[in-house]
Amino acid sequence: MSNLQKGPLYLTNTLTRKKEEFIPLRPPHVGLYVCGPTVYSDVHLGNVRTFTTFDLLYRWLMHLGYKVRYVRNITDVGHLVGDVDEGEDKIAKRARLEQLEPMEIVQKYTNGFHDVMRLFNVLSPSIEPTATGHLIEQIEMVKRIIESGYGYEANGSVYFDVPKYAQKHAYGELSGRKIDELITNTRDTEGMDEKRSPLDFAIWKRAEAQHLMKWPSPWGEGFPGWHLECSAMSTKYLGQTFDIHGGGMDLKFPHHECEIAQSVAADGHAPVRYWMHGNMLTVNGRKMAKSEGNGFTPEELLTGNHKLLEKGYSAMTVRFFMLQCHYASTLDFSNAAMQASEKGLERLMAAMGTLEKLRPATNADPGQDEAVRGLAQRCHTAMNDDLNSPVMIAELFEAVRLINSANDGKVALGATAIEELRSLMNAMVFDVLGLRTEAAAAGDDTALDGLVQEFIRMRAEAKARKDFAASDRVRDQLAALGIVLKDTKEGTTWQRA
Ligand code: AMP
Ligand code: ZN
């Protein structure tokens, strides 16, 4: 597929509300930061949608040949129950309820989050930094904000002076909020006796004596404000200005608006060139959330053990269901839609099996080579159009029709057409959409192991008769398929590359 038009890529930039051509700062490198979970409870399917959205972006950027540094953090301190500057720390609260150390809570739910990401075949980021691991960077950033005149200390806490910042900078630009409306809509919050304006937000908070998660700082013992960690860690790993920042739509305000203000105040630059926001997973039109009681966990989903579920669904069915919707649209969960996705995925995967077995027709129709190339081009065009996965998937179903017709002898595909179809389908279905067969998902390598053992025997026989060219060929061919042989004293073993 070398003659394929791979670019340009267009992404909707939330900051400008326009589809813009994506031009990285330092090609072929791309810096991508996505707000990760607050690890105080099990993730629900809504969270999975957001991480799947950015997994699709990550996979597509890599498919286009970019070298992506993907940073997705773990929030393990500073996110308060009230989401702004009030209430207990979410993690500390959970630790109290479960009678565990805060760090036990963090470990438990980080492990759980990773298990869920694996289940849904969401790739690991390149760096997964934690807020508690970056206190020095956060304290340094608070100092820079104070030095630039946009932060002030009050009674051991440090606040960001929003009205002062807004005099010179576009506070509210990302979320489309106006400073006057914000002032009238802000209710009195905790810390009002310390804040100069109700719009100000904490970048460092004084810890009370009984507070468990606290660290020494120039302002006394305390902990960082929730918005600060993302600014400090994205700057550390991606630079003061980087390519793409993502997160769920609900994070636009105040979280991302505050991230922008912090970076501009501390370092004098807008931190992000392209802001991207994934839309929400809803149930009967309402955002799926823990607090709404409509957020089922992946485990409930697989077993069907939840009042909203008619039956259990596989993780790949859900992934497919999510990718059949454009990331910027809301997606409403329903059993009917899930069952349609289940059928669609089965049809797609069956065609993938058929395609593997397809042999070139003797009377091949050369026109089909062009048809396959057209399909490939349309898949790329759809994905380059702001990651339009539903349109790309519709093209894949065109390919399914072609594969099935070829299998029934209704169209005659030659070797080139079959080759290009395989390369297209494997790239789109497995690498880009990140779908996998249920056997692969279950990690079932029994059949594969039988096959590989057969090759290991052939290689040993070739070696025994000193035919090293043949034995090397077996090893190299397996390596090309991602299977690596290892010779040990006990014999030859294999593993996936
Ligand atoms: P949290 O752990 O609450 O900070 O959420 C982690 C991520 O999940 C954030 O990017 C949220 O925007 C996202 N998220 C939360 N609820 C939903 C939902 N119903 N649909 C899609 N994304 C969500
Ligand atoms: Zn964040």
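Cut-off values and rules
Residues numbered from 1 in each chain as written. Chains lettered and ligands numbered in written order. Predicted model: local features only at pLDDT ≥ 70, side-chain atom pairs only at ≥ 80, totals over all residues. Domains from an automatic or database assignment. Buried ≥ 20, exposed ≤ 12 C-beta atoms within 10 Å, placed from the backbone. Helix = DSSP H or I, 4+ residues; strand = E, 2+ residues; numbered from the N terminus. Pairing = 2+ DSSP bridges. Right-handed = clockwise from strand over helix to strand, strands pointing away. Core = buried A, V, L, I, M, F, W, Y, C linked by C-beta atoms within 7 Å. Contact = placed C-beta atoms within 7 Å.

1. As for the domain arrangement of the protein chain
So, point 1. Structurally, the protein chain comprises domain 1 (2–278), domain 2 (282–441) and domain 3 (460–496).
So, point 2. Look at where the C-alpha atoms of domain 1 and domain 3 centre, and you get two points 48 Å apart.

2. Focus on the pairing of strand β3 (residues 29–34)
So, point 1. Of all 6 residues making up β3, 5 are buried, and the element is well covered by its neighbours.
So, point 2. Across 6 bridges, β3 lies against strand β4 (residues 67–72) in parallel orientation. If you follow H29 over to β4, its bridge partner there is K67.
So, point 3. For the crossover from β3 across helix α1 (residues 45–63) to β4, the handedness is right-handed.
So, point 4. As paired strands, β3 and strand β9 (residues 242–248) are joined by 3 bridges and run parallel to one another. Bridge pairing in β9 links Y33 to H245.

3. Observations regarding the nonpolar core
Among soluble globular proteins, nonpolar side chains are generally buried collectively.
So, point 1. Core analysis: the largest hydrophobic core is formed by 122 residues, its most contacted members being I145, I203, L421 and M428.
So, point 2. Among the elements that line this core, the one with the most residues is α1, at 9 residues.
So, point 3. Formed jointly, this core draws a minimum of three residues from each of two domains, domain 1 (2–278) and domain 2 (282–441).
So, point 4. Those residues in contact with L421, other than ones at most four positions away along the chain, are L355, V372, A399 and I403.

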